[in-house]
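# A structural walkthrough
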Amino acid sequence: MKTGRKKIGKVVLWTILIAVAVIQLFPLIWLIDFSLGSSNEMFTNGLLIIPEKIRWDNYAKAFVDGNFLLYLKNSVLINTLAVILVVIISIMAGYACRRMKWKLNNFVKTMLLLGMMIPIHATLLPNYKIYNTIGVTDTIWALLIPYVAFSLPQGLFLMTGFIESIPMELEEAAVMDGCGIYRIVFQVVTPLLKPSIATVAIMTFLNNWNEFMMASTYLSSPTWKTLPFSVLEFTGEYSSNYAVQFAVMALTAAPAVIVYIILNKHITKGVAMGAVKG
Amino acid sequence: MKKLYSNKWVIFTLVLPGVLVFLFAILAPICLSVYYGFTDYSGMGEARFVGLDNYVKLFHDPAFGRSLLNSLLLAIGFICIQHPLAMIVAAVLDKLQGKAEGVFRCIYFIPNVISVAVIAYLWKFIYNPDFGLLNNVLKVFGFEGQVNWLSQENAIWSVLVVLIWHGFGWGMLIYYTGIKNIDPVLYEAASIDGAGWWTTFSRITLPLMKPVIMINVTMAIISALKQMETVYLLTNGGPANSTQFAANYLYQQAFKAFKYGYGNAIGVVFIIICVAVTVLLNTVFRDKQEA
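One structure accompanies this document, and this report is about it. Just so it is clear, the structure is predicted and the values come from calculations on it, not from any experiment.

### Observations concerning the side chain of asparagine 264 of chain B
- Looking at the secondary structure, you find asparagine 264 of chain B in helix α14 (residues 260-290).
- Engagement of the side chain of asparagine 264 of chain B in a polar contact is seen with the side chain of serine 33 of chain B, the distance being 2.7 Å.
- Apart from the residues within four sequence positions on either side, asparagine 264 of chain B is in contact with Leu125 and Pro126 of chain A together with Ser33, Tyr36 and Gly37 of chain B.

Structure, rendered in C-alpha cells:
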C-alpha cells in the first residue's frame, strides 16, 4: 500500500515537472525548428516541421544582415564596462557609508538606494532631452550612464550588507601597518568581497544585457547599438521572410542562453542571493 | 584610527562617483520632468507654462486609468497564477535529487535570459492567426477556426500570458532558494510524526517561506506597475489602448503624439505611484513580519 502510494506520488511529481518544462521550452524549440526551414513550410497544421532541406543560409543571412558581430561586440563591451563601474562605485560608496565616520552617511546611502524605486522608463523622456542638449546621444555614454545609474542602487545595497559582515580586525591590522583608506578599500576589503562582486556582476549583467528601450531612444546610428537591435531592425527588412526572422531571433538569443547553461550554477546562486537580499 | 576614518576628503572622494551618477542620471531627469509637466511643450519650438492643466487632463484620461487597471490585472495574474505554480514547482523540484534537479532548474530559467525583443516577436508569431503555434495546438486538440489572439477583447489576456510565462523561472528560483534554506531536520521530524505531503507543505514550508513570499509578491507588484518592454513590442498598448501600461503610454504621448509636456506629467505621476506603492508594501510587510 505504502509503496503504491509512493509510486503514484512519483508519477505526479514527474508529470508536473515535465509539463512545466514543456511549456517553458516548447516555444523556443518551435522557434529553432522553423528557423531551419523555408517560409513556405510554416503554413502547416502540425506543431513542428521536418524541413525538406536544412536551410543554414537563413542563419547566414541573419548573421550578416542582422549586424550580429558588431552588435554582439557592442553588447559585450558596454555590459562589461557597466559591470566594472557598478562594482567599483558600489564598493567605494558602500565602504564610505558603512565604515567611515561622518554625519551624512545614512542620508547619502538612503538617497542612493532611492534609485531602486524610480521606474527607469519614466526617465526616458527627460534623459533624451538632457543627452541631446549635452551631445551624448548616439555615443557609448548614452547607454553607460543610465545602465550604471540603475544598477548601482542594487549593487550598493548588496555591497553594504557584505561589507558589514567583514570583521573589523582585518582593517585595524592594516591601519597599524600604515595603510591608507584607499589601499584598505581596494587591497584589503575588495578581495574579501569576491562572492558579492560576482552576485552584483551577475545582477547587473542580467539587468542590462537585454535592455533595448533606452538604447532605441538614445541611439540612432549602428555604431553602439546592442544585440536586441539585430531583431528589432530585421523584422522590417525581411518582413515577409519569416524563416529568416526566426533565425535572427534564435541567433540573438543564443549567446545569453549558452553562457547561462555553462555558468548556470553560479548564475542561479547569484540571482538567489541578489534577489532575496535585494 | 578614528582620525583616518573621519577624513572628510577621503569620504568625499569615495562617495563622489556614486552621488554624481545619481544626480545626473536620476535626480536631474526627475526635476526636468517636473518642469516639463507644467508646460505644453510638443518636443519642438517653445514650451509654454500651463500650470496644472496636464495633471487635470491626466485625471480624466481613460487611457491612463486603463493602464493602471492593466497593471493591477497583471499583478493579480502574477500573484494568483504565476506564484502558486512557481511555489508548487519549487517544492516538487526540492524533492528531486541528483542531476535532474539541476537540469529542470536550468530549463525553467532559460526564458529569463532571453531578450524581451526576442520573446515579444516570438509570441507575436505564436499568436499569428495564419500559422501561429497556438492555433495549431488548438487544431491538434480538435478545435477549428482561427482565433485572433490580439484582438481588442483578447489582447490583454494574451499579453498577461506572455508576461506570466516569461517571468515564471525568476519567481520559481526565488521560492526554490527559500525552500532550500528550510532546515531539513523539520521535514524529518514531520515524516517521523507521519505527516503527509500537504500537511508538511502547509504547516512547515508555507509558514517558513513567509519572508520570501513577501519579497516575491512585492517584486511582482512593482514589476507589474513598471511593465513596458514586452507590451511596447507585442501590441504597443493597442488595440485602442486595451493593453496600455503607464510607461508605454507616456512614451507614446511624448514621441508619437508629440505631447512631450503631457508625457512628462504622466511620468511624474507614474514615479509618485511607484514610490508610494513600494513604500506602502514595505511598511505593510515589515509590520506583518514583526507581528
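### A look at the pattern of salt bridges
Residues and elements named next belong to chain A.
- Enumeration according to the criterion identifies seven salt bridges over all chains in this entry.
- Here glutamate 171 and arginine 99 are joined by a salt bridge, their closest N and O atoms 3.0 Å apart. Taken together, the residues glutamate 171 in helix α7 (residues 168-176) and arginine 99 in the loop between α3 (68-98) and α4 (105-114) connect sequence positions 72 residues apart.
- Given the relative accessible area of 8%, arginine 99 is considered buried.

### Observations concerning the packing of aromatic side chains
- Going through the model one piece at a time under the given rule, you end up with 32 aromatic pairs over all chains.
- By the ring-pair criterion, three or more aromatic residues cluster together here, those being Trp30, Phe34, Tyr242 and Phe246 of chain A together with Phe125 of chain B.
- Residue placement shows lysine 57 of chain B over the ring face of tyrosine 262 of chain B; its charged tip is 4.0 Å from the ring centre.
- The ring of tyrosine 187 of chain B has lysine 95 of chain B lying over it, and the distance from NZ or CZ to the ring centre is 5.2 Å.

### Quick notes on the packing of helix α12 (residues 242-262) of chain A against helix α6 (residues 116-126) of chain B
- Orientation of α12 of chain A relative to α6 of chain B, taken along the N-to-C sense of each, is 150°, at an axis distance of 10 Å. Regarding α12 of chain A and α6 of chain B, the two cross each other, and that crossing is left-handed. Counted together, Tyr242, Gln245, Phe246, Met249, Thr252 and Ala253 of chain A of α12 of chain A and Val118, Tyr121, Leu122 and Phe125 of chain B of α6 of chain B form the full contact between these two elements.
- Of the residues that constitute the contact of α12 of chain A with α6 of chain B, the class distribution is eight nonpolar, two polar and no charged.

### A word on the side chain of asparagine 210 of chain A
- Counting through the fold element by element, asparagine 210 of chain A comes out in the loop between α9 (194-209) and α10 (213-218).
- There is a polar contact of 3.2 Å between the side chain of asparagine 210 of chain A and the backbone oxygen of valine 113 of chain B.

### Some words on the packing of α4 of chain A against helix α2 (residues 8-37) of chain B
- Viewed as axis vectors pointing N to C, α4 of chain A and α2 of chain B meet at an angle of 45°, and their least axial separation amounts to 10 Å. What the angle tells us is that α4 of chain A and α2 of chain B run oblique. In the crossing of α4 of chain A with α2 of chain B, the sense of the turn from one axis to the other is left-handed. Residue-level contacts link Val108, Met111 and Leu112 of chain A of α4 of chain A to Gly18, Val19 and Phe22 of chain B of α2 of chain B.
- In terms of residue class, the contact of α4 of chain A with α2 of chain B is made up of five nonpolar, one polar and no charged.

### Quick look at α9 of chain A
- When the terminal C-alpha atoms of α9 of chain A are compared, their 22 Å separation across 16 residues agrees well with the 22 Å that a helix rising 1.5 Å per residue should span.
- Looking only at α9 of chain A, the buried set comprises Ser196, Thr199, Val200, Ala201, Ile202, Met203, Thr204, Asn208 and Trp209 of chain A.

### Considerations on the interface of chain A and chain B
- Taken residue by residue, the interface counts 92 residues in chain A and 88 residues in chain B.
- The largest contributions to the chain A side of the interface with chain B come from Gln24, Met117 and Leu125 of chain A, which together make up 9% of the buried area.
- At the junction of chain A and chain B, the tally comes to zero salt bridges.
- Counting the contacts that link chain A with chain B gives 13 residue pairs in polar contact (both at pLDDT 80 or more).
- Ranked by residue count, the leading element in the side of chain A that touches chain B is helix α1 (residues 2-35) of chain A, at 15 residues.
- Residues belonging to the side of chain A that touches chain B are distributed by class as follows: 70 nonpolar, 15 polar and seven charged.

The rules behind these values
Residues numbered from 1 in each chain as written. Chains lettered and ligands numbered in written order. Predicted model: local features only at pLDDT ≥ 70, side-chain atom pairs only at ≥ 80, totals over all residues. Heavy atoms only, no water. Helix = DSSP H or I, 4+ residues; strand = E, 2+ residues; numbered from the N terminus. Polar contact = N/O pair within 3.5 Å; in protein donor to acceptor, adjacent residues only side chain to side chain. Contact = heavy atoms within 4.5 Å. Salt bridge = Lys/Arg side-chain N within 4 Å of Asp/Glu carboxyl O. Buried < 20%, exposed > 50% of the residue type's maximum accessible area, 1.4 Å probe, protein only. Phe/Tyr/Trp six-rings, centres within 6.5 Å; stacked < 30°, edge-to-face > 60°. Lys NZ or Arg CZ within 6 Å of the ring centre and 35° of its normal. Axes fitted to C-alpha atoms, helices over the stretch in contact; angles between N-to-C directions. Left-handed = near helix turned anticlockwise from the far one by under 90°. Nonpolar A, V, L, I, M, F, W, Y, C, P; charged D, E, K, R; others polar. Parallel < 35°, antiparallel > 145°, perpendicular 65-115°, else oblique. Expected span 1.5 Å × (residues − 1). Buried area = accessible area lost by both parts, 1.4 Å probe.

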